[in-house]
Amino acid sequence: MLESLKTIVKTNSDKKLFDGDLEVSYGEFYNLVRQDMASQDNRKHVISTHSLLNQLVRFVSKLCQKALPIICKPNLTHNEISRLEKEVQYAPQLADFGVLSSGTTADAKLLWRSFASWSDFFSIQNAYFSVTSNSRLFIQGDFSFTGNLNLALSLLLLGGTLVVTQKNSVKYWQTLWEKTGVTHLYLLPSYLKLVEQYSKETALDNKTIITSSQYVSDSLLEGLYIKHPKVSVKIFYGASELNYVSWYDGRDIRDKPQYVGEIVPNVAVRIKEGRIFVKTPYSICGLSSEYCAGDYGELIDGKLYLFGRGGDWCNQSGIKLYLPRLIEKIKTCPYIKDAVAFTKESQSHGQESHCCIVLIENQMEQECLKWLSEHFEKKYGFKHYHIVSKIPLMPSGKIDYQQLKRQLA
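Residues numbered from 1 in each chain as written. Predicted model: local features only at pLDDT ≥ 70, side-chain atom pairs only at ≥ 80, totals over all residues. Heavy atoms only, no water.

Some words on the overall build of the protein
Consideration 1: Check the secondary structure of the protein and you find 12 helices and 22 strands.
Consideration 2: For a compact globule of 409 residues, the expected C-alpha radius of gyration is about 22 Å, and the protein comes in at 22 Å, within 12% of that figure.
Consideration 3: For the protein, the spread of C-alpha atoms along the principal axes amounts to about 65 × 45 × 45 Å.
Consideration 4: Per-residue burial for the protein yields a buried fraction of 52% across its 409 residues.
Consideration 5: At a minimum sequence separation of 6, the contacts of the protein that also span at least 24 residues come to 62%.
Consideration 6: Accessible area for the protein stands at about 19,100 Å²; split by element, carbon and sulfur atoms hold 48% of it. (Helix = DSSP H or I, 4+ residues; strand = E, 2+ residues; numbered from the N terminus. Rg over C-alpha atoms; globule rule 2.2 N^0.38 Å. Buried < 20%, exposed > 50% of the residue type's maximum accessible area, 1.4 Å probe, protein only. Contact = heavy atoms within 4.5 Å. Areas by Shrake-Rupley, 256 points an atom, 1.4 Å probe, with all protein chains shown as cover.)

Here it is as structure tokens:
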């Protein structure tokens, strides 16, 4: 890593690695890494600073020294950090760094990776996403999130430019994109919806959006393309344990419900009893055989279709409901701004489906409930509807279902 960085610095010392909120050249970054290598105590593995620059400097520094770096999530407590430090002694022999899983709960699961499990795929992902040394990639949030760190390191080794911010404002993002000449944006679907709603019509012209999700609705993409006909959207399906599994262009999803694309190179997928099993050379340490992340799907002509995870289904009074599909239909309601769903166990009735709705205007509640009763048969719709002011998100941008359930308790 350090030698690759040194090679880039020789020819691009003054080129910006960071632009926007941070302005740091490759030469300055290289010097900071060397200084950190000389001064840091490598007995500490967890990187707990919230500074985006220091996160990446210390990660590269410790990686170069084989010090098993782990960038901490912003919400971890001191006890959780101490727990992670103790877990380092059990790191596999092939491990170079640790990552924290980015699931739908705040619980942090430590996963170990060799650097090669990412870097061996960088050239493939860069080619698919059209990322080059001239690319300028926008990332929201910090580098404790696997997707942010993966894309940042792949761009760093190319000699591209990162535009990073922790601010959560579409208006501010657009100013940053214009100021820095961003070419690529990495946005989770929860942020993609905000961009579709609040961005200016020319804000995404000739830009490529990279997004990841188990399921991106065709209605969201349709709205995005109508407002921004010159945007390109590349979507990948994967898991923290596996890296990339499949990907597709957003325009390919039309008339293909639950489509998640072609299997990426060097990865094998098979379906066993409806579940997706993956064998990949780009997995975390310890996965030598096939692995199932809990997803259900189907392979048709070599293309992968995703039917969701167990939590996406609700067996309600003997009828199986696929919640993401119901949510997609609910979002066509003219009174609804956003909606999410989850399943909850009832002692008396078994599984029951819940839908949390954010209205466009508070006074539209009666009109909304009337629309729902007209468009859903009672036994094929949600058991419970809840009107909420907003959908809580974790720092990663994923929906915080634990907080949402606490609000409704």
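Observations concerning the pattern of salt bridges
Consideration 1: Using the criterion set out here, one finds 11 salt bridges in the structure.
Consideration 2: The residue Glu23 makes a salt bridge to Lys16 at a minimum N-O spacing of 3.5 Å.
Consideration 3: Judged by its relative accessible area of 48%, Glu23 falls in the partly exposed class.
Consideration 4: Here Lys234 makes a salt bridge to Asp249, at a shortest N to O gap of 3.3 Å. With a gap of 15 residues between them, Lys234 in strand S11 (residues 232-239) and Asp249 in strand S12 (residues 243-249) connect regions that are remote in the sequence.
Consideration 5: The buried category is assigned to Lys234, whose relative accessible area is 15%.
Consideration 6: The class for Asp249 is buried, based on a relative accessible area of 18%.
Consideration 7: If you follow the salt bridges from partner to partner, you end up with Lys16, Asp19, Glu23 and Arg136 in one network. (Salt bridge = Lys/Arg side-chain N within 4 Å of Asp/Glu carboxyl O.)

Observations concerning the side chain of Gln316
Consideration 1: Topologically, Gln316 is positioned in strand S18 (residues 313-316).
Consideration 2: Beyond its immediate stretch of four places on either side in the chain, Gln316 contacts Leu321, Gln351, Glu352, Ser353, Lys379, Gly381, Phe382 and Lys383.

Quick look at the nonpolar core
Consideration 1: Phe18, Phe29, Leu56, Phe138, Phe143, Leu162 and Trp177 are the most contacted members of the largest nonpolar core, which has 87 residues in total.
Consideration 2: Per-element accounting of this core gives the leading share, 7 residues, to helix H3 (residues 52-64).
Consideration 3: The contact partners of Phe29, leaving out residues within four places of it in the chain, are Leu5, Leu17, Phe18, Val24, Leu53, Leu56, Val57, Val60 and Leu156.
Consideration 4: Grouped together as the second largest cluster of nonpolar side chains are 18 residues, Cys314, Ile336, Ala341 and Leu372 included. (Core = buried A, V, L, I, M, F, W, Y, C linked by side-chain atoms within 4.5 Å.)

Observations regarding the sheet that holds strand S20 (residues 336-346)
The strands making up a sheet associate through backbone hydrogen bonding, with each pair oriented either parallel or antiparallel.
Consideration 1: Strand order across the open sheet formed by 3 strands is S20-S21-S22, with mixed pairing between neighbours. One side of each edge strand has no neighbouring strand; the edge strands of this open sheet are S20 and strand S22 (384-387). Strand-to-strand twist in this sheet, taken as the mean axis angle between neighbours without regard to direction, amounts to 25 degrees.
Consideration 2: Packed on one face of the sheet, helix H10 (residues 323-330) meets S20, strand S21 (350-359) and S22 and runs near 150 degrees to S20.
Consideration 3: Running over the sheet, helix H12 (residues 401-408) touches S20, S21 and S22 and is turned about 80 degrees from S20. (Pairing = 2+ DSSP bridges. Axes fitted to C-alpha atoms, helices over the stretch in contact; angles between N-to-C directions.)

Looking at helix H11 (residues 365-375)
Consideration 1: What H11 keeps buried is the set Cys368, Trp371 and Leu372. Down the axis of H11, the buried side of the element spans an arc of 100 degrees, and every buried residue falls inside it. Residues of H11 that are exposed and point over 90 degrees away from its buried face: Gln366, Lys370, Ser373 and Glu374.
Consideration 2: For H11, the elements touching its buried residues are H10, S20, S21 and S22. (Arc of directions from axis to C-beta.)

Some words on unusual backbone geometry
Consideration 1: Phi is positive for Leu68, close to 50 degrees, though the residue is something other than glycine.
Consideration 2: Mapped onto the fold, Leu68 is located in the loop between H3 and strand S4 (70-71).
Consideration 3: Of note, Asn243 is a non-glycine position whose phi angle comes to about 75 degrees, a positive value.
Consideration 4: By the element assignment, Asn243 lies in strand S12.

Some thoughts on the packing of aromatic side chains
Aromatic rings considered in pairs are described by the distance between their centres and by the relative angle of their planes.
Consideration 1: Tallied over the entire structure, the rule returns 21 aromatic pairs.
Consideration 2: Taking the centre distance of 5.5 Å and the plane angle of 90 degrees together, the rings of Trp173 and Tyr191 count as edge-to-face. Note that Trp173 is positioned in helix H7 (residues 170-180) and Tyr191 in helix H8 (residues 189-198), a separation of 18 residues in sequence.
Consideration 3: Relative to Trp247, the ring of Tyr244 has its centre 5.8 Å away and its plane inclined at 50 degrees; by these criteria the two rings are tilted. Across the pair, Trp247 and Tyr244 agree in class, each one buried.
Consideration 4: The structure contains a cluster of three or more aromatic residues connected by ring pairs, namely Phe121, Tyr128, Phe129, Phe236, Tyr244, Trp247 and Tyr282.
Consideration 5: A cation over a ring is seen here: Arg251 above Tyr225, with NZ or CZ 3.8 Å from the ring centre. (Phe/Tyr/Trp six-rings, centres within 6.5 Å; stacked < 30°, edge-to-face > 60°. Lys NZ or Arg CZ within 6 Å of the ring centre and 35° of its normal.)

Looking at the pairing of strand S13 (residues 259-263)
Consideration 1: Sheet topology note: the S12/S13 ladder contains 2 bridges and is antiparallel. Across the sheet, the residue bridging to Trp247 is Glu262, located in S13.

Digging into the pairing of strand S15 (residues 275-279)
Consideration 1: Relative to S15, strand S14 (residues 268-272) runs antiparallel, the two sharing 5 bridges. Pairing of Lys272 across the sheet is with Arg275, part of S15.
Consideration 2: Hairpin connection between S14 and S15: a loop of 2 residues separates the two successive antiparallel strands, and Glu273 in this loop has a positive phi of roughly 55 degrees.

Examining the environment of Gly20
Consideration 1: Within the secondary structure layout, Gly20 lies in strand S1 (residues 16-20).
Consideration 2: When the C-alpha atoms of Gly20 and Trp173 are compared, they prove to be 9.9 Å apart, with 153 residues separating the residues in sequence.
Consideration 3: The residues contacting Gly20, other than those within four sequence positions of it, are Leu176, Lys179 and Thr180.

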